[in-house]
Amino acid sequence: MKKILNLQCINCGREYKTNEVHFLCSSCGGNLEVNYDYKLIAKRFRVDEFCDNRNYDMWRYMDLLPINDHEKVPNVHVGWTPVYDNKIIAKELGISKLLIKDEGRNPTGSIKDRGSAVAVARALELGVKVIADASTGNASDSVACLTASLPIRTVVFTTKDAPFPKITQLLIYGAEVFTVDGSYDDAFELCKKAVEEYGWYSRAAGFNPFPREGKKTCAFELCEYLGWEAPDKVVCAVGDGTVISGLWKGFVDFQKLGILEKMPQMIAIQAEGSAAIKNAFENNGVVTPVKAKTVADSLLVNYPRDAQFALQALQESKGTALTVTDAEIIAAIPELARKANIFAEPAGAAVYAGLKKLAAAGLIEQDETVAIIVGGNGLKDTFTAKQILQKPDIIPADFESFKKTAKSKGLIK
Ligand SMILES: *Cc1c(COP(=O)(O)O)cnc(C)c1O
Ligand SMILES: [Zn+2]
């Protein structure tokens, strides 16, 4: 694979050949990053040729992905999700341009499809028979979907916190599901142990360096939408830290190719009860595990596995980190749906709740373009959304009763 220079440990700097290691640094256990030969890529990657590129999915950016091809990855449409220029929220919050990237429009309803697509392409290159993953749902849903029609078995370690629709997706796609009676971190450790013991291929974020590379395509799409410029601010929800570091990697790739002059500020939104990265950001980068508790299952993590990369993204981009409470997250679900027509899962709505706080704190300058990443679809967790909604009235099957109720709602006189 000529476009890749090497894999490099973010912690000790040790470099590896692409096939030398698959997961963490064997010297220090640090996370690995894929380094590219940008000189070589720059010869092929020409933005002026993109208007003729009819590949409207994430594979559009193959030159910047760490795989040879994606021919064997089942053809479900990943990426090229809509970007909405929302005027209603922008006006309310005094933002000059607000872009909403709806990642819920991916095949399994979350941004994780991008990461899994690259991991599965890599697994196919390696000829693996079993892929394992640990998650509260979304990451594993996307592996299960992408491997469903392949001769690969998918083993998932999930937790009792995982919303039922996410588990249903796993089962429908035919994954082997182990529901761990413990935290996401317990599930992660079990998955890691199984991978080490049986030589399985792990998709786990913050462990396998490839999913991060898939997630960066979301940043590429935002830049392409803006005529090959970056937004001023990019706001996203943070759990393990792979999404924010993947996005940042995408902007860095484009900067190294000479496409971007101005880089965005990365803004991390965490749940108040699961804020290890925000705490570390405010404490000189020292990561202390928390006892995570939040309704946003996708953000529920005691010890974030990609904290080092996430913190690097925040520091290099001169960004910041904010938290939102569970009450704010739940209230943001119907609000986002009614102002932007997007039903988001709690982690997705958390980003909107965070945006409001950012604006209220006066942290958004005039004339800025702000992009928020809504990471997952609301149908993946209807239980949480339902908590603050009133049940619909049940009426007797006669027109008079309908009229009476309709009147009480002010629908008719
Ligand atoms: C995974 C996920 C996140 C957070 O991503 P991390 O890489 O864990 O920080 C946010 N929102 C949704 C919907 C997700 O699925
Ligand atoms: Zn190392």
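Computed from a predicted structure; not experimentally measured.

### Topic: a nonpolar patch on the surface
Part 1 of the argument: Together, Ile395, Phe399 and Phe402 make up a nonpolar patch on the protein surface, roughly 300 Å² of accessible area in all.
Part 2 of the argument: Along the chain, Ile395 falls in the loop between α13 (382-386) and α14 (399-408).

### Side note on the packing of aromatic side chains
Aromatic rings in a pair are described by how distant their centres are and how their planes are angled relative to each other.
Part 1 of the argument: Taken as a whole and judged by the stated rule, the model has 16 aromatic pairs.
Part 2 of the argument: A centroid spacing of 5.8 Å and a plane angle of 50 degrees characterise the contact between Trp228 and Phe254, whose relative ring orientation is tilted. Pair noted here: Trp228 is in the loop between α7 (210-225) and β10 (233-237) and Phe254 is in helix α8 (residues 242-256), with a separation of 26 residues, a long-range link.
Part 3 of the argument: For Phe254, a relative accessible area of 0% translates into the label buried.
Part 4 of the argument: Among the aromatic residues, those joined into a ring-pair cluster are Phe45, Phe50, Tyr61, Phe220, Trp228 and Phe254.
Part 5 of the argument: The ring centre of Trp80 lies 4.5 Å from the NZ or CZ of Arg60, which sits over that ring.

### Points about the site of ligand 1
Part 1 of the argument: The full set close to ligand 1 counts 15 residues, and Lys112, Asn138, Gly239, Asp240 and Gly241 are the nearest of them.
Part 2 of the argument: Within the backbone of Asp240, a nitrogen or oxygen atom sits 2.8 Å from an oxygen atom of ligand 1.
Part 3 of the argument: Between ligand 1 and Val243, the relevant distance is 2.8 Å, taken from an oxygen atom to a main-chain nitrogen or oxygen of the residue.
Part 4 of the argument: Here ligand 1 has 380 Å² of accessible area as a free molecule, and 95% of this is covered by the chains.

Criteria and thresholds
Residues numbered from 1 in each chain as written. Chains lettered and ligands numbered in written order. Predicted model: local features only at pLDDT ≥ 70, side-chain atom pairs only at ≥ 80, totals over all residues. Heavy atoms only, no water. Patch = residues over 30% accessible without salt bridge, like charges linked within 9 Å, V, L, I, M, F, W, Y side chains within 5 Å. Areas by Shrake-Rupley, 256 points an atom, 1.4 Å probe, with all protein chains shown as cover. Salt bridge = Lys/Arg side-chain N within 4 Å of Asp/Glu carboxyl O. Helix = DSSP H or I, 4+ residues; strand = E, 2+ residues; numbered from the N terminus. Phe/Tyr/Trp six-rings, centres within 6.5 Å; stacked < 30°, edge-to-face > 60°. Buried < 20%, exposed > 50% of the residue type's maximum accessible area, 1.4 Å probe, protein only. Lys NZ or Arg CZ within 6 Å of the ring centre and 35° of its normal. Near = heavy atom within 4 Å. Polar contact = N/O pair within 3.5 Å; in protein donor to acceptor, adjacent residues only side chain to side chain.

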